Amino acid sequence: MYFKQVKGIGDNFSYVIADSRYAVIVDPSYNATLLIQLIDTLDRSLTFIINTHHHHDHTAGNIQVKNHFSCRIIAHRLSGIAKDCDVEDNDLITIGKLTFQVIHTPGHTPDSMCLLIDNKLLTGDTLFVGECGRTDLAEGNSKDMYDSLFHKILALPDTTEVYPGHDYGPKPSSTIGYERETNYTLKPRTLTEFIEFMSVP
Ligand SMILES: [Fe+2]
């Protein structure tokens, strides 16, 4: 499997994942031109864009990429973006030899989802290296974030690799085990404690 983390303008990460024939972009962000060049170089067929959530800094490149490759856009059912396919929690997205498992992780936004492919977890704005996503923006919800982080993400094996939607930490990727040990937002807390914790800037 080809797997590349792409950082172009700003601190957003995009991802290109491909088998020998087909490629997928996760969150084109502001990197559409760079991603188009990369896909052309790879000589794969770009079939889908998958968005981890609807925020503009993740979806800004959707139309440019879609117009270039005539690909389709996948997002969670609750996402209001222009999309071609809806997915839900636990859905499998299979493209050639690639299979992504959808893990619905609301909290940052209701449509936030993580994508698990092999041992790699693309976490969007739900979990960063050393941080978690904000819940104080429109539609954010700390209770949902607690369930997503503590009952879904931390249920994954420690060896799972973490690939976030932003370059906010001391390194660009991590593992569940490293985050479990070092990420201050993942320290053991009750739901009440977590909601209080997230309410403090
Ligand atoms: Fe976001």
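Residues numbered from 1 in each chain as written. Predicted model: local features only at pLDDT ≥ 70, side-chain atom pairs only at ≥ 80, totals over all residues. Heavy atoms only, no water.

A. Up close: the side chain of Thr59. Here Thr59 lies in helix α2 (residues 56-59). When neighbours within four sequence positions are excluded, Thr59 is seen to be in contact with Asn51, His53, His54 and Ile81. (Helix = DSSP H or I, 4+ residues; strand = E, 2+ residues; numbered from the N terminus. Contact = heavy atoms within 4.5 Å.)

B. Fine view of the pairing of strand β5 (residues 72-76). A large share of β5 lies buried, amounting to four of its five residues. Sheet topology places strand β4 (residues 45-50) next to β5; three bridges connect them, and they run parallel. Across the sheet, residue Phe48 finds its bridge partner in β5, namely Arg72. Sheet topology note: the β5/strand β6 (residues 85-87) ladder contains three bridges and is parallel. Looking at the pairing, His76 lines up with Val87 of β6. (Buried < 20%, exposed > 50% of the residue type's maximum accessible area, 1.4 Å probe, protein only. Pairing = 2+ DSSP bridges.)

C. Focus on the coordination of the iron ion. Each protein donor to the iron ion is listed here as His53 (NE2), His55 (ND1), His108 (NE2) and Asp125 (OD); together their distances run 2.2 Å. If you look at the iron ion, its four donor atoms make angles of 88 to 171 degrees with each other, and the shape they trace is irregular. Mapping the donors of the iron ion onto the primary sequence gives the spacing H-x1-H-x52-H-x16-D. With a gap of 53 residues between them, His55 in the loop between β4 and α2 and His108 in the loop between β8 (98-104) and β9 (113-117) connect regions that are remote in the sequence. On the basis of relative accessibility, which here comes to 16%, the residue His55 falls in the buried class. (Donors = N, O, S within 2.8 Å, 3.2 Å for Na, K, Ca; no water. Tetrahedral: all angles 85-135°; square planar, octahedral: opposite > 155°, others 65-115°.)

D. Spotlight on the layout of surface pockets. For the largest pocket, the calculated volume is near 240 Å³. Around the largest pocket, the lining is made up of 13 residues, and of these Arg134, Phe197, Met198, Val200 and Pro201 lie nearest the centre. Within the residue set of the lining of the largest pocket, elements represented by two or more residues are β12 (131-132) and α6 (191-199). With three residues, the single largest contributor to the lining of the largest pocket is α6. (1 Å grid on protein atoms, 1.4 Å probe; cavity = no way out; pocket = protein on both sides within 12 Å on 5 of 7 lines; lining within 4 Å. Points joined across faces, edges and corners; volume = space filled by probe spheres on them.)

E. Here's a closer look at the packing of helix α1 (residues 32-42) against helix α3 (residues 62-69). Put simply, α1 and α3 touch, their axes get as near as 9 Å, and they point 30 degrees apart. Taken together, the axis directions place α1 and α3 in an arrangement best described as roughly parallel. Here the hand of the crossing between α1 and α3 comes out right-handed. Along the contact surface, α1 presents Ala32, Thr33, Ile36, Ile39 and Asp40, while α3 presents Gln64, Val65, His68 and Phe69. Per-class residue counts for the contact of α1 with α3 are five nonpolar, three polar and one charged. (Axes fitted to C-alpha atoms, helices over the stretch in contact; angles between N-to-C directions. Parallel < 35°, antiparallel > 145°, perpendicular 65-115°, else oblique. Left-handed = near helix turned anticlockwise from the far one by under 90°. Nonpolar A, V, L, I, M, F, W, Y, C, P; charged D, E, K, R; others polar.)

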